[in-house]
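Fold and contact review
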Amino acid sequence: MTSGTSGTHRGLTRFNASDESAAQAELHEVCASSAWGSKLLAQRPFATVEALFEASDAATAELSADDLTEAMAGHPPIGRPKPGDPTSSREQRGMAGASEELKAEMLELNLAYQDRFGHVFLICATGATGAQMLEALKARIANTPEQERAIVRTELGKINRIRLTRLAEEGDNA
């Protein structure tokens, strides 16, 4: 099995061969936007992981405001991963060792952010510490809604790539 984004991966091969409903369910686990998932489904099969990334990036860039809202609805607030969801727990691992004070401040700012923007604070949390996420939240809460939508779209694209990598590599170590 080759490594890197240009090689073929067992998970990508399996995804390409999946029936439409199974592939759609997998894409929904990556991104809750049905428009995003439909655009990727329509482009199967993908020759490489990079081709899958390019399709994802293009579909993310084309999301309407409503589609972006739908995508964000699939993400739990930072510091409160979905119970029983290994993906959100893994992605938010940086909050696991955070102090109670940091967690409390994150909760307070998350609520203020949601009041201000009408949606969850979305950040690619993979590899970030609780302190880094809190600093990002503090900085971004002062943004205009337009600035924040642009940042959210970028963060969603990063999250989608990480999750698509996991989907494409599923079974590579088997």
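The structure displayed is predicted, hence computed values, not measured ones. (Residues numbered from 1 in each chain as written. Predicted model: local features only at pLDDT ≥ 70, side-chain atom pairs only at ≥ 80, totals over all residues. Heavy atoms only, no water.)

**Describing the overall build of the protein**
Using the following cut-off: Secondary structure elements follow DSSP: runs of H or I no shorter than four residues count as helices, runs of E no shorter than two count as strands, and numbering proceeds from the N terminus. Any residue under 20% of the maximum accessible area for its type is buried, any over 50% is exposed, and the rest in between are partly exposed; the area is computed with a 1.4 Å probe on protein chains only. Contacts are assigned to residue pairs with any non-hydrogen atoms lying within 4.5 Å of each other. All accessibility values rest on the Shrake-Rupley procedure with a 1.4 Å probe; residue burial counts only the protein chains present in the view.
Across its full length, the protein holds 9 helices and 0 strands. What you see in the protein, going N to C, is helices and strands ordered as α-α-α-α-α-α-α-α-α. Out of the 174 residues belonging to the protein, those deemed buried represent 45%. Pairs at least 24 residues apart make up 70% of the contacts formed inside the protein by residues separated by at least 6 positions. With the model as given, the accessible surface of the protein reaches about 8700 Å², and the carbon-plus-sulfur share is 54%.

**Looking at helix α3 (residues 34-42)**
Note the following rule: Contacts described as polar in this section are N or O atom pairs within 3.5 Å, which, within protein, must combine one atom able to donate a hydrogen with one able to accept it, while residues neighboring in sequence count only if both atoms come from side chains.
Here α3 has its buried residues at Ala-35, Trp-36, Gly-37, Leu-40 and Leu-41. For α3, the side-chain oxygen to backbone nitrogen distance between the N-cap and Ala-35 is 3.4 Å, and the N-cap itself is Ser-33.

**Considerations on unusual backbone geometry**
Residue Arg-44 is joined to Pro-45 through a cis peptide bond whose omega torsion reads 0 degrees. Looking at the element boundaries, Pro-45 is found in the loop between α3 and α4 (49-61).

**Considering the nonpolar core**
Applied cut-off: Side-chain atoms within 4.5 Å are what join buried Ala, Val, Leu, Ile, Met, Phe, Trp, Tyr and Cys residues into a set we call a nonpolar core.
Trp-36, Leu-40, Ile-78, Met-133 and Leu-164 are the most contacted members of the largest nonpolar core, which totals 45 residues. Every element with two or more residues in this core is listed here: α1 (10-17), α2 (20-30), α3, α4, α5 (65-73), α7 (100-117), α8 (130-140) and α9 (145-169). By residue number, the principal contributor to this core is α9, which donates 6 residues. For Met-133, the contacting residues outside a window of four places in its chain are Ile-78, Gly-94, Met-95, Met-106, Phe-121, Ile-123, Ala-125 and Ala-128.

**Remarks on the confidence of the model for the protein**
So the rule is basically this: Values of pLDDT, which run from 0 to 100, indicate the predictor's confidence residue by residue.
Per-chain confidence: the protein averages 88 in pLDDT, with 86% of residues scoring 70 or above. This stretch, residues 1-7, has a pLDDT under 50; its non-local contacts, to residues over four places away or in other chains, come to 16 contacts.

**Side note on the packing of α3 against α4**
Defined as follows: Interaxial angles span 0 to 180 degrees and are taken between N-to-C directions of axes, which are lines fitted to C-alpha atoms, for helices over the stretch in contact. A crossing counts as left-handed when the near helix is turned anticlockwise from the far one by less than a right angle, and as right-handed when that turn is clockwise.
Where α3 meets α4, the axes come as close as 9 Å, and the angle between the chain directions of the two elements is 145 degrees. In the packing of α3 onto α4, the handedness of the crossing is right-handed. Touching Trp-36, Lys-39 and Leu-40 of α3 are Leu-52, Ala-55, Ser-56, Ala-59 and Thr-60, all from α4.

**Quick notes on the pattern of salt bridges**
Keep this limit in mind: The working definition used for a salt bridge is a side-chain nitrogen of Lys or Arg within 4 Å of a carboxyl oxygen of Asp or Glu.
Following the criterion strictly, the structure yields 10 salt bridges and no others. Across the pair Asp-57 and Arg-161 runs a salt bridge, and its minimum N-O distance is 2.5 Å. Taken together, the positions of Asp-57 in helix α4 and Arg-161 in helix α9 put the pair 104 residues apart, joining distant regions of the chain. Asp-57 sits in the partly exposed class, given a relative accessible area of 29%. A salt bridge links Glu-155 to Lys-158, with the shortest nitrogen-to-oxygen separation between them at 3.0 Å. Of this pair, Glu-155 and Lys-158 both sit in helix α9, separated by 3 residues, roughly a single helical turn. Glu-155 sits in the buried class, given a relative accessible area of 9%. A single salt-bridge network, built from bridges that share partners, covers Arg-14, Glu-26 and Glu-170.

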